[in-house]
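The primary structure of each chain is shown beneath.
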Amino acid sequence: MEEKKLDTVIIGSGPGGYVAAIRAAQLGQRVTIIEKSKIGGTCLHTGCIPSKAIIGLSKKWADFKKSEHIFGKLSTSNEMDMMEFQKDKNKTIFKLQNGIQHLLHKHEIEVVEGTAAFCSNDALIVSNIHGHTNKYSFQHCIIATGSEPRELPSFPWGDRILSSTGALALQSLPEEIAILGGGYIGIELGCAFANLGVKVTIIEVQEDILLMVDPKIRHILKQQLNKKKINLLTGVKAIGYQEENEKIRIQLQRETEFFSVQADFLVVSAGRIPCTSSLGIDKTNIEVDRNGMIQVNSSLQTSVPTIFAIGDVIKGPALAHKASYEGKLAAEVISGNNYVIDYRAIPQVIFSDPEIALTGETAPTEHLLESVFPLGANGRALTLNQSEGLVKIFSTKDTGHVKGGAVIGPNASEVITEITIAIEAGWTVADLALTIHPHPTISEAIIETAELATGMPIHVTSPM
Ligand SMILES: Cc1cc2nc3c(=O)[nH]c(=O)nc-3n(C[C@H](O)[C@H](O)[C@H](O)COP(=O)(O)OP(=O)(O)OC[C@H]3O[C@@H](n4cnc5c(N)ncnc54)[C@H](O)[C@@H]3O)c2cc1C
């Protein structure tokens with residue numbers, strides 16, 4: 001087999017891989033991407049973008065419905081046209097995919113279609129759908145192969161048992177849907193379908209959903225899920241299922257009690273697994289943990305120093321922006337820059353309704369002051385009729401430096417960036433409080449929360 005010599009090769013073109021490729025090219029490297037499917041990865045095709053498309057539309061629908069007493073009936077139909085939605089969603093994906101392809105082309109990045117697997121510490125075999133196999137040796141490699149939905153042995157994928165990918169590709173709106181897993185993907189999908197009028201049940205084996213989120217915020221979210229009539233079953237294990245009359249009946253157990261729920265589809269959202277099992281890792285000296293996660297050092301090098309790993313195949317939250325950040329860092333290190341990763345402020349957003357966003361340190365400690373401002377005292381939130389929420393900032397008790405925070409409420413996904421920047425820039429709560437914010441905006445709640453920390457709030461009289 002002929003062997004082609006490559007400089008920097010990147011396996012996978014998701015938000016980790018394509019961003020690493022562009023940065024590496026900007027830094028003067030000759031870059032090749034190997035992609036077995038479509039350019040853009042999970043995020044573009046089955047993750048962030050399609051899920052936010054349905055979440056955005058479902059929110060508009062729910063808002064219209066809430067305002068029917070003012071506008072009158074806006075639609076003669078009582079449900080969203082899923083076929084039209086799929087067409088619009090695919091157009092957006094296509095546009096974004098074209099954009100990435102254009103950028104790769106402009107940066108003279110070679111794209112090889114095929115599935116890559118290592119055959120040694122410095123070479124890969126790539127097989128494509130036409131049955132061709134090529135060998136490539138490389139100076140540096142970045143593994144960015146991402147993750148895939150975890151299939152549960154007792155709930156195998158099928159016509160009625162879907163992954164998040166299947167749920168986002170539905171061609172018609174179901175009457176009722178059950179979601180197994182109360183993590184962020186399950187909650188986001190649950191809110192979207194409930195906003196569209198679907199009867200939703202969420203089944204979570206843990207004692208609560210979203211355990212990484214603070215209890216006060218979880219409480220506000222659960223009140224809203226309740227208003228949407230989402231049937232939230234926590235501390236409940238799914239133990240089996242039966243398909244009957246184009247429906248699925250899921251058998252459940254809570255301690256010694258047995259019961260069941262019925263739905264058109266069961267969406268299993270029980271975590272994701274890294275795509276490393278068929279990468280030929282055993283032909284290299286790369287170390288993986290027992291879950292298949294690749295071990296890396298603080299410069300994202302695997303135990304083979306010329307091979308790097310980024311994104312969902314390494315530890316940490318599975319998020320597109322984390323993958324992109326790591327991709328840029330790996331490209332810098334390959335170019336000879338001595339960078340190390342800094343995870344102090346990774347924003348995490350749950351696009352539920354209302355949105356939840358976290359950044360930096362989010363748990364109280366004896367050194368941190370916790371300031372909380374309710375959105376019920378924010379004019380913009382009230383005009384939007386979405387004042388159930390809060391902003392929370394953690395700052396050091398001695399110096400007032402901003403260390404973390406959380407937001408639940410409208411535009412939480414945007415507002416959280418202010419706290420992230422404050423952490424990165426080494427700002428204090430006084431710096432935040434002195435920054436003039438436009439009125440009326442949700443972001444004004446940031447000033448108010450910072451002022452609470454300085455002891456001189458304007459629009460509340462005492463801490464919540
Ligand atoms: C429903 C859902 C919603 C999400 N929403 C958000 C969100 O709102 N915000 C957010 O930040 N994150 C979100 N995520 C997570 C986000 O999609 C991932 O964290 C992100 O895509 C990871 O990027 P990556 O580059 O590591 O891998 P991926 O995006 O998974 O890309 C990996 C690429 O590698 C290719 N590949 C795999 N193996 C090989 C091989 N052997 N050879 C060649 N190519 C290969 C794959 O085809 C794929 O294109 C969501 C995920 C899901 C499922």
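In this text, all values refer to a predicted model and were calculated from it rather than measured experimentally. (Residues numbered from 1 in each chain as written. Predicted model: local features only at pLDDT ≥ 70, side-chain atom pairs only at ≥ 80, totals over all residues. Heavy atoms only, no water.)

1. Focus on the pattern of salt bridges
Side-chain pairing between opposite charges can occur once the charged atoms of the two side chains come close.
Part 1 of the reasoning: Taken as a whole and judged by the stated rule, the model has 22 salt bridges.
Part 2 of the reasoning: One salt bridge in this structure joins Asp 353 and Lys 228, with 2.7 Å as the shortest N-O distance. Linking Asp 353 in the loop between strand S18 (348-350) and strand S19 (356-360) with Lys 228 in the loop between helix H8 (215-227) and strand S11 (231-234), this pair joins segments that are 125 residues apart in sequence.
Part 3 of the reasoning: Overall, the relative accessible area of 11% leaves Asp 353 in the buried class. (Salt bridge = Lys/Arg side-chain N within 4 Å of Asp/Glu carboxyl O. Helix = DSSP H or I, 4+ residues; strand = E, 2+ residues; numbered from the N terminus. Buried < 20%, exposed > 50% of the residue type's maximum accessible area, 1.4 Å probe, protein only.)

2. What to know about the packing of aromatic side chains
Part 1 of the reasoning: Going through the model one piece at a time under the given rule, you end up with 2 aromatic pairs.
Part 2 of the reasoning: Ring geometry for Phe 118 and Phe 138: centres 6.2 Å apart, planes at 70°, overall edge-to-face. With Phe 118 in strand S4 (residues 115-120) and Phe 138 in strand S6 (residues 133-143), this pair connects stretches of sequence that are 20 residues apart.
Part 3 of the reasoning: Looking at Phe 118, the relative accessible area reads 3%, which means it is buried.
Part 4 of the reasoning: Residues Phe 155 and Tyr 241 carry aromatic rings whose centres are separated by 5.7 Å and whose planes lie at 35° to one another, so their mutual orientation is tilted. Note that Phe 155 is positioned in the loop between strand S7 (147-149) and strand S8 (161-162) and Tyr 241 in strand S12 (residues 237-244), a separation of 86 residues in sequence.
Part 5 of the reasoning: Relative accessible area serves as the criterion here: at 29%, Tyr 241 is assigned to the partly exposed category.
Part 6 of the reasoning: Here Arg 160 stacks its cationic end above the ring of Phe 265, 5.2 Å away from the centre of that ring. (Phe/Tyr/Trp six-rings, centres within 6.5 Å; stacked < 30°, edge-to-face > 60°. Lys NZ or Arg CZ within 6 Å of the ring centre and 35° of its normal.)

3. Let's talk about a nonpolar patch on the surface
Part 1 of the reasoning: Residues Phe 64, Ile 70 and Phe 71 make up a contiguous nonpolar surface patch of about 370 Å² in total accessible area.
Part 2 of the reasoning: You can see Phe 64 is positioned in helix H3 (residues 48-66). (Patch = residues over 30% accessible without salt bridge, like charges linked within 9 Å, V, L, I, M, F, W, Y side chains within 5 Å. Areas by Shrake-Rupley, 256 points an atom, 1.4 Å probe, with all protein chains shown as cover.)

4. Section: unusual backbone geometry
Part 1 of the reasoning: Between Asp 353 and the following residue, Pro 354, the backbone shows a cis peptide bond with an omega angle of 10°.
Part 2 of the reasoning: Of note, Pro 354 is situated in the loop between S18 and S19.
Part 3 of the reasoning: The backbone phi angle of Lys 229 is positive, close to 65°, even though this residue is not glycine.
Part 4 of the reasoning: Relative to the elements of secondary structure, Lys 229 occurs in the loop between H8 and S11.
Part 5 of the reasoning: The phi torsion at Leu 300 lies on the positive side, around 70°, for a residue other than glycine.

5. Focus on the site of the ligand
Part 1 of the reasoning: Surveying the vicinity of the ligand reveals 40 residues, the closest of which are Glu 35, Thr 42, Lys 52, Asp 312 and Ala 320.
Part 2 of the reasoning: Contacts to the ligand include Lys 36, whose backbone N or O atom sits 3.2 Å from a nitrogen atom.
Part 3 of the reasoning: Ala 320 has a polar backbone atom sitting 2.8 Å from an oxygen atom of the ligand.
Part 4 of the reasoning: Here the ligand loses 95% of its free accessible area of 1,000 Å² to cover by the protein chains.
Part 5 of the reasoning: Looking at the shell around the ligand, the elements with two or more residues in it are strand S2 (31-35), helix H2 (41-45), H3, S4, helix H7 (184-195) and helix H9 (320-334). (Near = heavy atom within 4 Å. Polar contact = N/O pair within 3.5 Å; in protein donor to acceptor, adjacent residues only side chain to side chain.)

Nothing here speaks to function; it is geometry throughout.
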